[in-house]
Amino acid sequence: MRVLVVEDEPRMAELLARGLHEEGYAVDRAGDGDEALWLAEQVPYDVIVLDVMIPGPDGMEVCRQLRGLGRATPVLLLTARDDVADRVDGLDSGADGYLTKPFSFAELYARLRALTRRPTPFVASPVEVGDLRLDPASRHVWRAGQLVALSPREFTLLELFVQHAGETLTRRRILDEVWDEARVDSNVVDQYVGYLRRKIDRPFGRTDLETVRGRGYRLRSP
């Protein structure tokens, strides 16, 4: 199992590398965002441990760029910031998990085991629901033939709705499948559904993304 550790603080980087070596990981290290991006493009890592506060581009921007390049390597963000907005920003950048400093190495190893147990994603064919078209390979979305710009998290949320068109999805299920982070407040689901409505419904005079009172949300299937 090969892991990239991206940390600019030498002592912390050394502790992480040593601990991961002892757990049986092959470890590469990067001290800034540019080096991290270069290594992540050259080497097929099993997981990336990425500190948020690294010299530019910072950890969140590194994650965004990797996802923009189509790299699906699991990313675990490390940060000293622990408020809800920061966790949401981190996960919205495309990260798969979020660990707040200080942390125990037992928790770090558990998070990495969980991330590396996930199946490798496959590239699916484009999916259409009415005049809404979603392409998982390019991560592009069109409505009525018009390209709609979505953030990585908005795309993942819409992909879930498209895959389950006509089915009511609870907030808990959406959190589990889109954020995969128990500490994120469930209100973030409402916030992102609102973002999607402003992009894929309202400009086109639609109300396809429905609220099912007391249950959750549903993408109407024609």
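All values reported here derive from a predicted model rather than from experimental measurement.

Engineer: What should I look at first to understand the overall build of the chain in this one?
Structural biologist: Secondary structure assignment for the chain yields eight helices and eleven strands. With respect to the principal axes defined by its C-alpha atoms, the chain has extents near 55 × 35 × 30 Å. Burial analysis of the chain (222 residues in total) assigns 47% to the buried set. Within the chain, residue pairs in contact and separated by at least 24 positions form 55% of the contacts whose partners lie at least 6 positions apart.

Engineer: I would appreciate a short explanation of the sheet that holds strand β5 (residues 97-100) in the present structure.
Structural biologist: One key point about sheets: their strands pair by backbone hydrogen bonds, in either a parallel or an antiparallel sense. As summarised here, the arrangement of the five strands in space is β2-β1-β3-β4-β5, forming an open sheet in which the pairing is parallel. Edge positions in the sheet fall to β2 (26-30) and β5, since each of these pairs with one other strand and no more. Direction aside, neighbouring strands of the sheet carry axes that sit 20° apart on average. Pairing geometry for strand β3 (residues 47-51) and strand β4 (residues 75-79), over four bridges, is parallel. If you follow aspartate 51 over to β4, its bridge partner there is leucine 78. Helix α2 (residues 33-42) rests against β1 (2-6), β2 and β3 of the sheet, and its axis sits at about 140° to β2. Against the sheet, helix α5 (residues 105-117) contacts β3, β4 and β5, and its axis sits at roughly 155° relative to β4.

Engineer: I'm lost on the sheet that holds strand β8 (residues 140-143) in this one. Help?
Structural biologist: Pairing is antiparallel across the open sheet formed by four strands, whose spatial order is β6-β7-β8-β9. The sheet is open, and its two edges are formed by β6 (127-129) and β9 (146-148), each paired on a single side. Taking each pair of neighbouring strands and ignoring which way they run, the sheet shows an average axis angle of 25°. By the bridge criterion, three bridges tie β6 to strand β7 (residues 132-135) in an arrangement that is antiparallel.

Engineer: Sorry, what's going on with unusual backbone geometry here?
Structural biologist: Of the consecutive residues glycine 56 and proline 57, the connecting peptide bond is found in the cis state with omega at -10°. With respect to the element layout, proline 57 can be found in the loop between β3 and α3 (59-68). Even without a glycine there, the phi angle at alanine 144 is positive, about 55°. The topology assignment puts alanine 144 in the loop between β8 and β9.

Engineer: Explanation requested: the pattern of salt bridges in the structure shown.
Structural biologist: All chains considered together, the criterion is met by 21 salt bridges. Across the pair arginine 143 and aspartate 131 runs a salt bridge whose closest N-O atoms are separated by 3.0 Å. With arginine 143 in strand β8 and aspartate 131 in the loop between β6 and β7, this residue pair connects regions lying twelve residues apart in the sequence. The exposure class assigned to arginine 143 is buried, which follows from its relative accessible area of 2%. Through salt bridges with shared partners, a single ionic network connects Asp131, Arg143, Asp201, Arg206, Asp208, Glu210, Arg218 and Arg220.

Engineer: Looking at this structure, how should I read the packing of helix α1 (residues 10-22) against α5?
Structural biologist: To describe two helices that pack against each other, one gives the angle between their axes and the distance between the axes. Running from N to C, α1 and α5 point in directions that differ by 65°, and their axes come no closer than 11 Å. Seen from above, α1 lies across α5 with right-handed handedness. Contacts between α1 and α5 involve Leu15, Leu16, Gly19 and Leu20 on the former and, on the latter, Phe105, Leu108, Tyr109 and Leu112. Looking at the contact of α1 with α5, its residues break down into seven nonpolar, one polar and no charged.

Engineer: Could you clarify how one ought to interpret the environment of proline 55 in this entry?
Structural biologist: Within the fold, proline 55 resides in the loop between β3 and α3. Spatially, the C-alpha atom of proline 55 lies 45 Å from that of glycine 214, the residues being 159 residues apart in sequence. The residues contacting proline 55, other than those within four sequence positions of it, are Asp8, Gly31, Asp32 and Gly33.

Engineer: Can you help me understand the side chain of threonine 73 in this one?
Structural biologist: Relative to the elements of secondary structure, threonine 73 occurs in the loop between α3 and β4. With relative accessibility at 17%, the residue threonine 73 sits in the buried group. Filtering out sequence-adjacent residues up to four positions away, threonine 73 remains in contact with Tyr45, Asp46, Val47, Ile48, Arg67 and Asp96.

So, how was this worked out
- Residues numbered from 1 in each chain as written.
- Predicted model: local features only at pLDDT ≥ 70, side-chain atom pairs only at ≥ 80, totals over all residues.
- Heavy atoms only, no water.
- Helix = DSSP H or I, 4+ residues; strand = E, 2+ residues; numbered from the N terminus.
- Buried < 20%, exposed > 50% of the residue type's maximum accessible area, 1.4 Å probe, protein only.
- Contact = heavy atoms within 4.5 Å.
- Pairing = 2+ DSSP bridges.
- Axes fitted to C-alpha atoms, helices over the stretch in contact; angles between N-to-C directions.
- Salt bridge = Lys/Arg side-chain N within 4 Å of Asp/Glu carboxyl O.
- Left-handed = near helix turned anticlockwise from the far one by under 90°.
- Nonpolar A, V, L, I, M, F, W, Y, C, P; charged D, E, K, R; others polar.

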